[in-house]
Amino acid sequence: MAKANNKSRKKGRAKEKDSSWQERVVQIRRVSKVVKGGKKLSFRAIVVVGNEKGQVGVGVGKAADVIGAVRKGVADAKKQLVEVSLTKSSSIVHVTNGIAGGAKVFMRPASPGTGVIAGGAVRTVLELAGVKNILAKQLGSNSPLNNARAAVDALAGLRTFGEVAKERNIPIEQLYA
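K.L.:
Explain the overall build of the chain to me, using residue names and the numbers behind them.
P.N.:
Tallying secondary structure elements over the chain gives six helices and eight strands in all. Ordering the α and β elements of the chain from the N terminus gives α-β-β-β-α-β-β-β-β-α-β-α-α-α. Taking all 177 residues of the chain together, the buried fraction comes to 34%. Sequence separation of 24 or more characterises 54% of the internal contacts of the chain that already satisfy a separation of 6 or more. Accessible surface computed for the chain: about 10,900 Å², of which carbon and sulfur atoms make up 52%.

See the structure below:
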């Protein structure tokens, strides 16, 4: 009896670890492929996964049904997680740009109380990354997938003072001088 109870506790812990991740479906599209017998229909889901503590990823899943596509999208997003360095005011460290396909995303840190000023898929990515104060602008393409990937690209390019000092092998104080 004690062993069975112990196993259920372990399963509960695994679910607790997994439950910190939030997932949002950005887009679901019905796509078709023309084959010899006619058209074969399937679904494509764009999913953003994040823990609101500085980790976020974008994934795409395709399947014959919507639920399967979303499940595959979540698995793909978890494989492509990016670590985001945030300030104490839950903003980004510095101005950054991201590019994916024809989409460009410009991001700028904002003062506390500003909120997330962004649109579409970029807003979803920023919220799930845990960013609370930011100004962002989509430029170029309005494709949700490319804009989400461009936002992740921009967030991946962020570096803190500590990281820059470590790369240059100098003390942080020297960066301020």
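Having seen the structure, we can now continue with the description.
K.L.:
Go over the pattern of salt bridges, please, and point to the residues and values.
P.N.:
Counted according to the given criterion, the structure contains three salt bridges. Here Glu 127 and Arg 123 are joined by a salt bridge, their closest N and O atoms 3.2 Å apart. Here Glu 127 and its partner Arg 123 are both found in helix H3 (residues 120–129), four residues apart, which amounts to about one turn of the helix. Taking the relative accessible area as the measure of exposure, Glu 127 reaches 24% and is therefore partly exposed. In this structure, Glu 167 and Arg 159 form a salt bridge, with 2.6 Å as the shortest nitrogen-oxygen distance. Classification of Glu 167 as exposed rests on a relative accessible area of 53%.

K.L.:
Summarise a nonpolar patch on the surface; cite the residues concerned and give the values.
P.N.:
Together, Val 25, Ile 28 and Val 66 line one region of the surface with nonpolar side chains, adding up to about 210 Å² of accessible area. Examined against the element boundaries, Val 66 turns out to sit in helix H2 (residues 66–79).

K.L.:
Before we move on, could you go through the sheet that holds strand S8 (residues 134–140) and cite the residues and values that matter?
P.N.:
Pairing within the open sheet is mixed, and its four strands lie in the order S5-S6-S8-S7. Pairing within the sheet leaves two strands with one partner each, and these edge strands are strand S5 (96–100) and strand S7 (116–117). Its contacts with the sheet place H3 against strand S6 (103–109), S7 and S8, and it is angled at close to 145° to S8.

K.L.:
Tell me about the nonpolar core, residues and numbers included.
P.N.:
Side chains of nonpolar character tend, in soluble globular proteins, to be buried together. Counting residues in each nonpolar core, the largest one holds 30 residues, and the members touching the most others are Val 56, Val 58, Met 107, Val 122, Val 125, Leu 126 and Leu 155. Listing elements by their share of this core, those giving two or more residues are strand S2 (38–50), strand S3 (55–63), S6, H3, S8 and helix H4 (144–156). For this core, the leading source of residues is H4, giving seven residues. Beyond its immediate chain neighbours, meaning those up to four positions away, Val 58 contacts Ile 46, Val 47, Val 48, Asp 76, Ala 77, Gln 80, Val 125, Leu 145, Ala 148, Arg 149 and Val 152. Trp 21, Val 47, Val 49 and Val 74 belong to the second largest nonpolar core, which has nine residues in total.

K.L.:
Kindly report on the sheet that holds strand S4 (residues 82–83), identifying the contributing residues and their values.
P.N.:
An order of S1-S2-S3-S4 is seen for the four strands of this open sheet, with the pairing classed as antiparallel. On the outer flanks of this sheet lie strand S1 (22–35) and S4, each paired with one strand and no other. Packed on one face of the sheet, H2 meets S1, S2 and S3 and runs near 145° to S3. Sitting on the sheet, H4 touches S1, S2, S3 and S4, and the angle it makes with S3 is about 155°.

Rules used throughout
- Residues numbered from 1 in each chain as written.
- Predicted model: local features only at pLDDT ≥ 70, side-chain atom pairs only at ≥ 80, totals over all residues.
- Heavy atoms only, no water.
- Helix = DSSP H or I, 4+ residues; strand = E, 2+ residues; numbered from the N terminus.
- Buried < 20%, exposed > 50% of the residue type's maximum accessible area, 1.4 Å probe, protein only.
- Contact = heavy atoms within 4.5 Å.
- Areas by Shrake-Rupley, 256 points an atom, 1.4 Å probe, with all protein chains shown as cover.
- Salt bridge = Lys/Arg side-chain N within 4 Å of Asp/Glu carboxyl O.
- Patch = residues over 30% accessible without salt bridge, like charges linked within 9 Å, V, L, I, M, F, W, Y side chains within 5 Å.
- Pairing = 2+ DSSP bridges.
- Axes fitted to C-alpha atoms, helices over the stretch in contact; angles between N-to-C directions.
- Core = buried A, V, L, I, M, F, W, Y, C linked by side-chain atoms within 4.5 Å.

Such coordinate-based values are descriptive only and should not be taken to indicate function.
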